[in-house]
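One letter stands for each residue in the lines below.
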Amino acid sequence: MTIARGRVPEDRVGTTVPSFAALTDKDGVVGYGEAAPSPRYDETADSVVAFLERVNPYQLSFTDLPGSLRYLESVGSRNYCAKGTLNLALLDGAAQLAGQPVHRFLGLDFQEGRHVTSFSIGLAAPDVIRQKVTEAGRYPRLKLKLGGADDAAALAALREVAPHKPVRVDANEAWKTREEALRRLEWLAGDGNIEFVEQPMPAGADPADHAWLKERSPLPLMADESYIYAGDVERCAAGFHAVNVKLVKCGGISAGMQALRAARAAGLKTMLGCMIESSLLISAAAHLAGLTDYLDLDGNLLITNDPFRGVGCRDGWLSWAEAPTSTGLRAGPR
Ligand SMILES: [Mg+2]
């Protein structure tokens, strides 16, 4: 998929990143984790492997999550994606031992029939956009990547096929000044069916510019690249109306839960997003759906070599009804 920053590997997981890790306890219970590192957040396949090689698995235990997570923090700072991989595996194992799906293990609810994901349309020529929007006909929400050479042509192509469908826009930091961003937002507001706009300006822009834009924007603004983890909440509350939490940005399910709760406590709307991921990471995120207002969990729909089966997605609506019957993440190898 192409976004404002460039091309993101797609179609297959594991071709550019080592994707999966497993923890096994003495009784043979296996917890799975997945990494989808992004250079945007200073993590690569090599940095994830280097971090995992420094971890002593004997310091990790499905029956001592707080101790295990403290140990992971002691191995090194940052490395959120690498830590998140083991956080998923630990929670998968712990929830299996408790005989519960992860959301219940964490005291959260998941209501069937309530959680719908958007389907992403990358930067492309108008004829490609028309084709992709046609193929995505069964999804009730679309996310359109903008910040390309001709945004007006891209949106027009989408609207030729789906005139009134609710659309979320993601500029991926493309609009470099607050004035340019405001012009684009005013243009987008004229569409009438744009739900919100993700990350119009670079995360590194002056916080005063983000606040200036929030004050004037005719559409809700969502922080993605600006919101890594819960510690960013104060800054984001000043410049955005909502945040996009991704498990690989913040460090897994535990940190994702903190990031969502911190955002809600600050009065922000919340979304769970994803990278190009298998059903393992997507299922892990889906367990936190009860803490969100929006979902953008389509990474597993964009690949052709998903080795896992997990949360189902029928016409965009997420469901555990046909997930593997084991507990934990309720995602299992195909
Ligand atoms: Mg985004």
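Just so we're clear, the structure is a prediction, and the values are computed from it rather than from any experiment. Note that residues are indexed from 1 along each chain, following the sequence as it is written. A pLDDT threshold of at least 70 governs which residues receive local features in this predicted model, and a stricter bar of 80 or more applies before side-chain atom pairs are shown or counted, although totals over entire chains, interfaces and linings include all residues.

From N to C terminus, the protein chain includes twelve helices and 16 strands. Its C-alpha atoms give the protein chain a radius of gyration of 19 Å, near enough to 20 Å, the size a compact globule of 334 residues would have. Each of the three principal axes of the protein chain carries a C-alpha extent, and together these read 60 × 40 × 35 Å. As a rule, residues whose C-beta atom has 12 or fewer other C-beta atoms within 10 Å are exposed, those with 20 or more are buried, and those in between are partly exposed; C-beta atoms are placed from the backbone. For the protein chain, the proportion of its 334 residues judged to be buried stands at 49%. Placing C-beta atoms from the backbone, we regard two residues as in contact once those atoms come within 7 Å. Within the protein chain, residue pairs in contact and separated by at least 24 positions form 68% of the contacts whose partners lie at least 6 positions apart. Under the scheme used here, helices are H or I runs from DSSP no shorter than 4 residues and strands are E runs no shorter than 2 residues, and both carry numbers assigned from the N terminus. Computation of the radius of gyration draws on C-alpha atoms, with the globule rule given as 2.2 Å multiplied by the number of residues to the power 0.38.

Let us now look at the domain arrangement of the protein chain. In this document the domain limits rely on a domain assignment from an automatic tool or a database. Partitioning the protein chain into structural domains gives domain 1 (2-105) and domain 2 (119-333). For domain 1 versus domain 2, the distance between C-alpha centres works out to 22 Å. Each partner contributes to the interface: domain 1 provides 36 residues, whereas domain 2 provides 38 residues. Contributions of two or more residues to the side of domain 1 that touches domain 2 are made by strand 1 (2-3), strand 4 (30-34), helix 3 (80-98) and helix 4 (102-105). Each residue gets one of three labels, nonpolar for Ala, Val, Leu, Ile, Met, Phe, Trp, Tyr, Cys and Pro, charged for Asp, Glu, Lys and Arg, and polar for the others, Gly among them. By residue class, the composition of the side of domain 1 that touches domain 2 is 17 nonpolar, eleven polar and eight charged.

As a further point, take the sheet that holds strand 11 (residues 269-272). Taken in spatial order, the eight strands line up as 5-6-7-8-9-10-11-12 in an open sheet, and their pairing is parallel. The sheet is open, and its two borders are formed by strand 5 (119-121) and strand 12 (294-295), each paired with just one other strand. By this definition, two strands are paired if DSSP reports at least two bridges between them. Relative to strand 12, strand 11 runs parallel, the two being bridged by two bridges. Bridge assignment links M271 to a residue of strand 12, and that residue is Y294.

In this section: the packing of helix 2 (residues 65-75) against helix 3. Angles here are taken between N-to-C directions and fall from 0 to 180 degrees, while the axes themselves are lines fitted to C-alpha atoms, restricted in helices to the stretch in contact. Across the interface, helix 2 lies against helix 3 with an axial gap of 11 Å and an inter-helix angle of 170 degrees. Taken together, the axis directions place helix 2 and helix 3 in an arrangement best described as roughly antiparallel. For the pair helix 2 and helix 3, the sense of crossing is right-handed. For the pair helix 2 and helix 3, contact is made by L65, S68, L69 and L72 and by K83, L86, N87, L90 and A94, respectively. Its residues placed into classes, the contact of helix 2 with helix 3 shows six nonpolar, two polar and one charged. Note on terminology: angles under 35 degrees are roughly parallel, angles over 145 are roughly antiparallel, angles of 65 to 115 are roughly perpendicular, and the others are oblique. The sense of a crossing depends on the near helix, which, turned anticlockwise from the far helix by less than a right angle, makes the crossing left-handed and, turned clockwise, makes it right-handed.

This part covers helix 5 (residues 126-135). Within helix 5, burial applies to I129, K132 and V133. Along the axis of helix 5, the buried positions cluster into a sector of 100 degrees, meaning they face one direction only. In helix 5, those exposed residues whose orientation departs by more than 90 degrees from the buried face are D127, T134 and E135. Considering only its buried residues, helix 5 is in contact with strand 5, strand 6 (142-145) and helix 6 (151-161). Note that the arc is computed from the directions linking the helix axis to the C-beta atoms.

Mapped onto the fold, G332 is located in strand 16 (residues 332-333). Spatially, the C-alpha atom of G332 lies 7.8 Å from that of L280, the residues being 52 residues apart in sequence.

This part takes up the nonpolar core. Judged by nonpolar contacts, the single largest core of 97 residues is most densely connected at L142, L144, L158, V197, M222, V243 and A285. Take this core: its biggest share by element is ten residues, from helix 3. Both domain 1 (2-105) and domain 2 (119-333) contribute no fewer than three residues apiece to this core. For V197, the residues in contact, after removing those within four places along its chain, are V169, A171, L185, L188, L219, L221 and M222. Remark: nonpolar core denotes a set of buried Ala, Val, Leu, Ile, Met, Phe, Trp, Tyr and Cys residues whose joining runs through C-beta atoms within 7 Å.

Attention now moves to the pairing of strand 6. Each regular strand displays side chains that alternate between the two surfaces of the sheet. The alternating pattern of strand 6 places L142 and L144 and K143 and K145 on opposite faces, both of which are buried. Bridging between strand 5 and strand 6 involves three bridges; their strand directions are parallel. By the bridge assignment for strand 6, S120 is matched with K143. When the strands point away from the viewer, a crossover counts as right-handed if the path from the first strand over the helix to the second runs clockwise. Each parallel crossover has a hand, and for strand 5 linked through helix 5 to strand 6 it is right-handed. Of the strand pairs in this sheet, strand 6 and strand 7 (residues 167-170) are connected by four bridges, and their pairing is parallel.

Positive phi, close to 45 degrees, is recorded for N172, a residue that is not glycine. When you line up the elements, N172 lands in the loop between strand 7 and helix 7 (178-189). The exposure class assigned to N172 is buried, which follows from the 22 C-beta atoms found within 10 Å. We note that Q199 has phi near 40 degrees; this positive angle belongs to a residue other than glycine. Relative to the helices and strands, Q199 is located in the loop between strand 8 (194-198) and helix 8 (207-216). Classification of Q199 as buried rests on a count of 25 C-beta atoms within 10 Å.

Residue placement: P126 occurs in helix 5. For the pair P126 and G190, spaced 64 residues apart in sequence, the C-alpha to C-alpha distance is 20 Å. With residues near it in sequence (within four places) discarded, P126 still touches A153, A154 and A157.

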